[in-house]
Amino acid sequence: MRKIEHIGIAVKDIEKSNDLFKTLFGEAHYKIEDVESEGVKTSFFKCGPNKIELLQATNSNSPIAKFIEKKGEGIHHIAFAVDNIEEEIKRLTNEGFQMIHKSPKKGADQKLIAFLHPKSSNSVLVELCQDIKD
């Protein structure tokens, strides 16, 4: 894992949250994207060298909808940049981590993604992210 790629924050209303984080960071979001496979709308902010991803559920079966129902709005996951997501999934599985995704899938912001199950990472939802090369 090379660095923290972004921190994901579950929100009920992405427009209100965009206004809040624009005021907080002094700069508007740089991208909004729907990820239909995950049932979310995302909004990305830059804060110095770091990124924040806001996530709003687009349907009641979305993992974000379930998270907010159970825990309320707040930090949902920490994403780490990796060079080779398939090798990282193999490495972590061999080390005893439980994967939610056994193979990478397309996520937001031109990334391949896979999540570790929080049961195997001290209740922290960890996302692996690899840039999709054109």
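Look above for the structure.
In this report, we go over the structure that sits alongside the text. Quick caveat: nothing in here was measured; it's all calculated off a predicted structure.

Rules and cut-offs
Residues numbered from 1 in each chain as written. Predicted model: local features only at pLDDT ≥ 70, side-chain atom pairs only at ≥ 80, totals over all residues. Heavy atoms only, no water. Helix = DSSP H or I, 4+ residues; strand = E, 2+ residues; numbered from the N terminus. Buried < 20%, exposed > 50% of the residue type's maximum accessible area, 1.4 Å probe, protein only. Contact = heavy atoms within 4.5 Å. Arc of directions from axis to C-beta. Polar contact = N/O pair within 3.5 Å; in protein donor to acceptor, adjacent residues only side chain to side chain. Patch = residues over 30% accessible without salt bridge, like charges linked within 9 Å, V, L, I, M, F, W, Y side chains within 5 Å. Areas by Shrake-Rupley, 256 points an atom, 1.4 Å probe, with all protein chains shown as cover. Salt bridge = Lys/Arg side-chain N within 4 Å of Asp/Glu carboxyl O. Lys, Arg positive; Asp, Glu negative; His and termini not counted. Charge placed at Lys NZ, Arg CZ, Asp CG, Glu CD.

1. Overview of the environment of Ile 89
Part 1: Inspection of the secondary structure assignment puts Ile 89 in helix H3 (residues 85-94).
Part 2: Residue classification places Ile 89 among the buried positions, given a relative accessible area of 5%.
Part 3: Distance from Ile 89 to Ile 78, taken between C-alpha atoms, is 16 Å for residues 11 residues apart in sequence.
Part 4: Each residue touching Ile 89, except ones within four places of it in the same chain, is listed here: Met 99, His 101, Lys 102, Ser 103, Pro 104, Ala 114 and Leu 128.

2. Here's the deal with helix H2 (residues 63-71)
Part 1: Turning to H2, its buried residues number three or more, namely Ile 64, Ala 65, Phe 67 and Ile 68. Along the axis of H2, the buried positions cluster into a sector of 160 degrees, meaning they face one direction only. Residues of H2 that are exposed and point over 90 degrees away from its buried face: Glu 69 and Lys 70.
Part 2: On its buried face, H2 is in contact with strand E1 (3-10), strand E3 (40-47), strand E4 (50-57) and strand E5 (74-81).
Part 3: Looking at where H2 begins, the residue whose side-chain oxygen comes 3.1 Å from the main-chain nitrogen of Ile 64 is Ser 62.
Part 4: Once H2 ends, the next one or two residues include Gly 72, with phi positive near 85 degrees.

3. Concerning a negative patch on the surface
Part 1: Taken together, the side chains of Asp 13, Glu 15, Asp 19 and Glu 73 present a region of like negative charge at the surface.
Part 2: Mapped onto the elements, Asp 19 comes out in helix H1 (residues 14-25).

4. Focus on the environment of Asn 122
Part 1: Looking at the secondary structure, you find Asn 122 in the loop between strand E7 (111-116) and strand E8 (126-131).
Part 2: For the pair Asn 122 and Glu 27, spaced 95 residues apart in the sequence, the C-alpha separation amounts to 33 Å.

By themselves, these are just geometric observations and shouldn't be taken as functional.
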